[in-house]
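Given next are the chains, with one letter for each unit.
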Amino acid sequence: FLTLPDRRLRAASRVQAVLLPERIRIRARADSNPPPIRMTLRRTGATCIPRSLMALHHASASRQPLRLSPPLAAPLRRRFSSVPPPVAALVPPGECQFGEEWVAAPLLGRADLNHDTRLFTFGLPDPGKPLGLSTCACILARGGAEGAEPVVRPYTPVSTNALLGKFELMVKVYSGGLSAHLDGLPIGAPVAFKHIQFNVKTQYPFGRRRLGMLAGGTGIAPMIQALHAVLGSADDSTVVDLLYGSKTEPDILARDTLDAWSAAYPGRLNVTHVLSHEPAGSAWAGARGFISEPLLRQALTPPDADSALFVCGPPPMYDLLCGPRGEEELTGLLADMGYTAGQVHKF
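It should be emphasised that the depicted structure is a prediction, and the values quoted were computed from it without experimental measurement. (Residues numbered from 1 in each chain as written. Predicted model: local features only at pLDDT ≥ 70, side-chain atom pairs only at ≥ 80, totals over all residues. Heavy atoms only, no water.)

*Asks:* Can you help me understand unusual backbone geometry in this one?
*Replies:* Across residues other than glycine, the phi torsion is negative in most instances, and most of the peptide bonds are trans. Between Thr-135 and the following residue, Cys-136, the backbone shows a cis peptide bond with an omega angle of 10 degrees. Along the chain, Cys-136 turns up in the loop between strand S7 (117-123) and strand S8 (139-143). Residue Tyr-204 is joined to Pro-205 through a cis peptide bond whose omega torsion reads 0 degrees. On the secondary structure map, Pro-205 appears in the loop between strand S11 (190-194) and strand S12 (210-216). One non-glycine residue with positive phi stands out, namely Ala-254, at about 55 degrees. Here Ala-254 shows up in the loop between strand S13 (239-246) and helix H5 (255-264). (Helix = DSSP H or I, 4+ residues; strand = E, 2+ residues; numbered from the N terminus.)

Next comes the structure, spelled out in structure tokens:
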């Protein structure tokens, strides 16, 4: 958040300005009047925002522009300058470097995404080729403490086939299990991976005019994989409505990517965040609580023959929305809202 020391903005306690590739997004949150404001303004190359467009609805508003000084504007531009555009590096099923047998891949790097989520980079058997994973699909990883029964977990890479010789996984680290094992490995240590037919999910092109995506936590990973294909394909006009549940604002994963892509593709990608454990009294102006039927109806279009839903998150989320991931039957809120099993894809 930017706190602007401007006496003309005494009515607004905070102003958030996020400079995106083509826009400046402004959000002002007032203690009393005026009410919270959220808008997106077209960038013209200058960091000058007409006060009339800010529509503060306050008697002190004037025709004078509010300028973001270079020290304030530069970090915001840098925040999104490193966000790459979506890339549709598509391959058909059957070309993944991992197959039915377990193959060791070295850990090349580890980076913190937040307090409990890491981005792991692994090398590939053939360093001159991409992973070769189709969209949508995942891979299996195996590992664990020495002497203990190995743990197997599915992961959807957040990197694309444009990356040669390596791939990236977004992993939430829990106490114990495979994620803790990965987090404790030294660089260069091997991890076993494989890819089986069951890991191949619904395939791009998805053939629907509108997609709804319901994600929780690291369940955003397969949505990013699908968004690369949808937004990165020049001839695709699919509209995506993403409802993403996180615990707190710092827990929102890939936020810069989602913000940059939604700004770069207005009307194509609509993102709604909901926070379940955001502290009371924080500056968060979005939805709070858990994904609910009213929020689903607000974020998604009504079900029809030309729409589909992707769901990925923790087990309680599946139970609430659509029934356990391993069951084809559709239950929960989505069934109550009129969706069919053929429209809902459980990742």
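*Asks:* I'm lost on the nonpolar core in this one. Help?
*Replies:* Generally speaking, nonpolar side chains in soluble globular proteins are found buried as a group. Residues Met-213, Leu-214, Ile-220, Leu-296, Val-311, Leu-321 and Leu-334 are the most contacted members of the largest nonpolar core, which totals 54 residues. Ranked by residue count, the leading element in this core is helix H4 (residues 220-232), at nine residues. In terms of nonpolar packing, the next biggest core, distinct from the first, is built from 22 residues, Ile-139, Tyr-155, Val-171 and Leu-185 among them. (Core = buried A, V, L, I, M, F, W, Y, C linked by side-chain atoms within 4.5 Å. Buried < 20%, exposed > 50% of the residue type's maximum accessible area, 1.4 Å probe, protein only.)

*Asks:* Got a minute to help me understand the packing of aromatic side chains in this structure?
*Replies:* According to the stated counting rule, one finds nine aromatic pairs in the structure shown. Where Phe-206 meets Phe-310, the ring centres are 5.1 Å apart and the plane angle is 80 degrees; that geometry is what we call edge-to-face. Taken together, the residues Phe-206 in the loop between S11 and S12 and Phe-310 in strand S16 (residues 307-312) connect sequence positions 104 residues apart. For the pair formed by Phe-206 and Phe-310, the shared burial category is buried. Taken together, the ring pairs in this structure connect Phe-98, Phe-120, Phe-122, Phe-167 and Phe-193 into an aromatic cluster. Across the ring face of Phe-198, the terminal group of Lys-201 is positioned such that the distance to the ring centre comes to 4.4 Å. (Phe/Tyr/Trp six-rings, centres within 6.5 Å; stacked < 30°, edge-to-face > 60°. Lys NZ or Arg CZ within 6 Å of the ring centre and 35° of its normal.)

*Asks:* What exactly am I supposed to notice about the confidence of the model for the protein here?
*Replies:* As a note on interpretation, predicted positions should not be read in detail where pLDDT is low. When pLDDT is averaged along the protein, the result is 83, and 76% of the positions lie at 70 or above. Counting contacts from residues 1-68, a segment whose pLDDT is below 50, to residues more than four positions away or on other chains yields 141 contacts. (pLDDT = per-residue confidence, 0-100. Contact = heavy atoms within 4.5 Å.)

*Asks:* What should I look at first to understand the pattern of salt bridges in this one?
*Replies:* Pairing between side chains of opposite charge can happen when their charged atoms approach one another. Within the structure shown, the criterion is met by 12 salt bridges. Of the charged contacts in the structure, one is a salt bridge between Asp-112 and Arg-118, with a shortest N-O distance of 3.4 Å. When its relative accessible area of 12% is taken as the criterion, Arg-118 is described as buried. As a salt-bridge pair, Lys-172 and Asp-116 come within 2.4 Å of each other at their nearest N and O atoms. Residue Lys-172 is located in strand S10 (residues 166-172), and its partner Asp-116 is located in the loop between strand S6 (103-112) and S7; the two are separated by 56 residues in the primary sequence. Take Asp-116: its relative accessible area is 14%, and that puts it in the buried class. (Salt bridge = Lys/Arg side-chain N within 4 Å of Asp/Glu carboxyl O.)

*Asks:* Quick question: what am I supposed to make of the sheet that holds strand S15 (residues 287-288) here?
*Replies:* Two pairing modes exist for strands in a sheet, parallel and antiparallel, and in both the strands are linked by backbone hydrogen bonds. A sheet is described by the order of its strands in space; here six strands give the open sequence S15-S14-S13-S12-S16-S17, paired in parallel fashion. Whereas interior strands pair on both sides, the edge strands pair on one side only; in this sheet they are S15 and strand S17 (344-346). Here six bridges tie S12 to S16, and the two strands are oriented parallel to one another. Each bridged residue has a counterpart across the sheet, and for Ala-215 the counterpart in S16 is Cys-312. (Pairing = 2+ DSSP bridges.)

*Asks:* Just checking my understanding: could you explain the environment of Thr-301 for this structure?
*Replies:* Tracing the backbone shows Thr-301 in the loop between helix H6 (293-299) and S16. Overall, Thr-301 belongs to the partly exposed group, its relative accessible area being 24%. A C-alpha to C-alpha distance of 8.1 Å links Thr-301 and Gly-212, two positions 89 residues apart in sequence. The contact partners of Thr-301, leaving out residues within four places of it in the chain, are Arg-210, Asp-241 and Tyr-339.

*Asks:* Teacher, can you tell me more about the sheet that holds S6 here?
*Replies:* A sheet is described by the order of its strands in space; here six strands give the open sequence S9-S8-S11-S6-S7-S10, paired in antiparallel fashion. The open sheet has two free edges, formed respectively by strand S9 (151-155) and S10, since each of these has just one partner strand. Direction aside, neighbouring strands of the sheet carry axes that sit 40 degrees apart on average. With five bridges connecting them, S6 and S7 associate as antiparallel partners. Residue pairing in the sheet places Leu-107 in a bridge with Phe-122 of S7. (Axes fitted to C-alpha atoms, helices over the stretch in contact; angles between N-to-C directions.)

*Asks:* In this structure, what is going on with the side chain of Thr-160? I would like to understand it.
*Replies:* Examined against the element boundaries, Thr-160 turns out to sit in the loop between S9 and S10. Apart from the residues lying within four places of it in its own chain, the contact partners of Thr-160 are Val-87, Ala-89 and His-228.

*Asks:* What exactly am I supposed to notice about H4 here?
*Replies:* Side chains three or four residues apart in an α-helix point the same way, a direct result of the helix having 3.6 residues per turn. If you check H4, its first and last C-alpha atoms are 17 Å apart, about what 13 residues at 1.5 Å a residue would give, namely 18 Å. Counting buried positions over the 13 residues of H4 gives 12, a clear majority of the element. Listed as buried for H4 are Ile-220, Ala-221, Pro-222, Met-223, Ile-224, Gln-225, Ala-226, Leu-227, His-228, Ala-229, Val-230 and Leu-231. The elements touched by buried residues of H4 are S10, S12, S13, H5, strand S14 (269-275) and S16. (Expected span 1.5 Å × (residues − 1).)

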